[in-house]
Amino acid sequence: VQLQASGGGLVQPGGSLTLSCAASGRTVSNFVMGWFRQAPGKEREFVAAINWSGGRTTYARSVAGRFTISRDNANNMVTLQMNRVKPEDTAVYYCAAVISRGDPTSDERYYDSWGRGTLVTVSS
């Protein structure tokens with residue numbers, strides 16, 4: 001499966017931004033989908049993940065309560081709604097996928113498909 005993240009850009013602290021991940025090549029309705037990010041000079045870290053049906057989600061502590069992951073299997077798309085963003089949310093955001101009907105996971109080793117990232121910059 002091929003993944004393409006989009007929606008990044010410049011946003012002010014406290015603002016909102018929506019990232020999208022479009023999948024192609026096959027349906028992702030049986031995939032766990034995740035978002036990860038990598039800030040300058042730092043290692044890639046987990047942000048959020050969602051199970052195949054959308055009924056289970058998991059979030060990093062740093063974004064819980066501010067970000068929401070959702071999916072639209074009919075359109076082969078996953079979305080990350082980012083609210084009340086902070087400067088420390090600045091990073092390149094990547095979507096990832098793995099075929100599984102299990103629970104969503106924060107372990108990046110679990111994912112075998114990755115898209116190119118989209119840059120999010122939080123600054124005034």
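Above this text is the structure in question.
Residues numbered from 1 in each chain as written. Predicted model: local features only at pLDDT ≥ 70, side-chain atom pairs only at ≥ 80, totals over all residues. Heavy atoms only, no water.

Undergrad: For this particular structure, what's the right way to read the side chain of threonine 118?
TA: By the secondary structure assignment, threonine 118 is in strand β11 (residues 118-122). Accessibility expressed as a relative area gives 9% for threonine 118, which makes it buried. Separated by 3.0 Å, the side chain of threonine 118 and the backbone nitrogen of glycine 8 make a polar contact. Setting aside residues no more than four positions away along its own chain, threonine 118 makes contact with Ala5, Ser6, Gly7, Gly8, Leu19, Ala91, Val92 and Tyr93. (Helix = DSSP H or I, 4+ residues; strand = E, 2+ residues; numbered from the N terminus. Buried < 20%, exposed > 50% of the residue type's maximum accessible area, 1.4 Å probe, protein only. Polar contact = N/O pair within 3.5 Å; in protein donor to acceptor, adjacent residues only side chain to side chain. Contact = heavy atoms within 4.5 Å.)

Undergrad: For this particular structure, what's the right way to read the sheet that holds strand β7 (residues 67-72)?
TA: Hydrogen bonding along the main chain pairs the strands of a sheet, whether they run parallel or antiparallel. Strands sit in the order β1-β3-β8-β7 across an open sheet of 4 strands; the sheet is antiparallel. On the outer flanks of this sheet lie β1 (2-6) and β7, each paired with one strand and no other. In this sheet, neighbouring strand axes are inclined to one another by 15 degrees on average, regardless of whether the strands run parallel or antiparallel. Of the strand pairs in this sheet, β1 and strand β3 (residues 17-24) are connected by 5 bridges, and their pairing is antiparallel. (Pairing = 2+ DSSP bridges. Axes fitted to C-alpha atoms, helices over the stretch in contact; angles between N-to-C directions.)

Undergrad: How do you make sense of the environment of leucine 80 when you look at a structure like this?
TA: As for its placement among the helices and strands, leucine 80 is situated in strand β8 (residues 77-82). Exposure remark for leucine 80: the relative accessible area of 0% places this residue in the buried category. Through-space distance from the C-alpha of leucine 80 to that of tyrosine 59 is 11 Å; in sequence the pair is 21 residues apart. Those residues in contact with leucine 80, other than ones at most four positions away along the chain, are Leu17, Thr18, Leu19, Trp35, Val47, Ala48, Phe67, Thr68, Ile69 and Tyr93.

Undergrad: How do you make sense of the packing of aromatic side chains when you look at a structure like this?
TA: Counting across every chain of the model gives 5 aromatic pairs. Each ring, one from phenylalanine 36 and one from tryptophan 114, has its centre 5.0 Å from the other, and the planes form 55 degrees; the classification is tilted. Taken together, the positions of phenylalanine 36 in strand β4 (residues 31-38) and tryptophan 114 in strand β10 (residues 113-114) put the pair 78 residues apart, joining distant regions of the chain. Each ring, one from tyrosine 110 and one from tyrosine 111, has its centre 5.9 Å from the other, and the planes form 90 degrees; the classification is edge-to-face. Take tyrosine 110: its relative accessible area is 35%, and that puts it in the partly exposed class. An aromatic cluster of three or more residues is present, and its members are Phe36, Phe46, Tyr110, Tyr111 and Trp114. The ring of tyrosine 94 has arginine 44 sitting right over it, with the charged end atom 5.8 Å from the ring centre. The ring of tryptophan 52 has arginine 101 sitting right over it, with the charged end atom 3.7 Å from the ring centre. (Phe/Tyr/Trp six-rings, centres within 6.5 Å; stacked < 30°, edge-to-face > 60°. Lys NZ or Arg CZ within 6 Å of the ring centre and 35° of its normal.)

Undergrad: Would you mind going over the nonpolar core with me for this structure?
TA: Nonpolar side chains tend to gather and get buried jointly when the protein is soluble and globular. By size, the foremost hydrophobic cluster in this structure holds 36 residues, and its most contacted members are Met33, Trp35, Leu80 and Tyr93. Elements represented by at least two residues in this core include exactly β1, β3, β4, β5 (45-50), β7, β8, β9 (91-99) and β11. Counting residues per element, this core draws most heavily on β9, which supplies 6 residues. (Core = buried A, V, L, I, M, F, W, Y, C linked by side-chain atoms within 4.5 Å.)

Undergrad: Explanation requested: the environment of asparagine 73 in the structure shown.
TA: Note on placement: asparagine 73 falls in the loop between β7 and β8. Placed 50 residues apart in sequence, asparagine 73 and alanine 23 show a C-alpha to C-alpha distance of 9.8 Å. Apart from residues no more than four positions distant in its own chain, asparagine 73 is found in contact with Val28, Ser29 and Trp52. Reaching out from asparagine 73, the side chain makes a polar contact with the side chain of arginine 71 at a distance of 2.8 Å.

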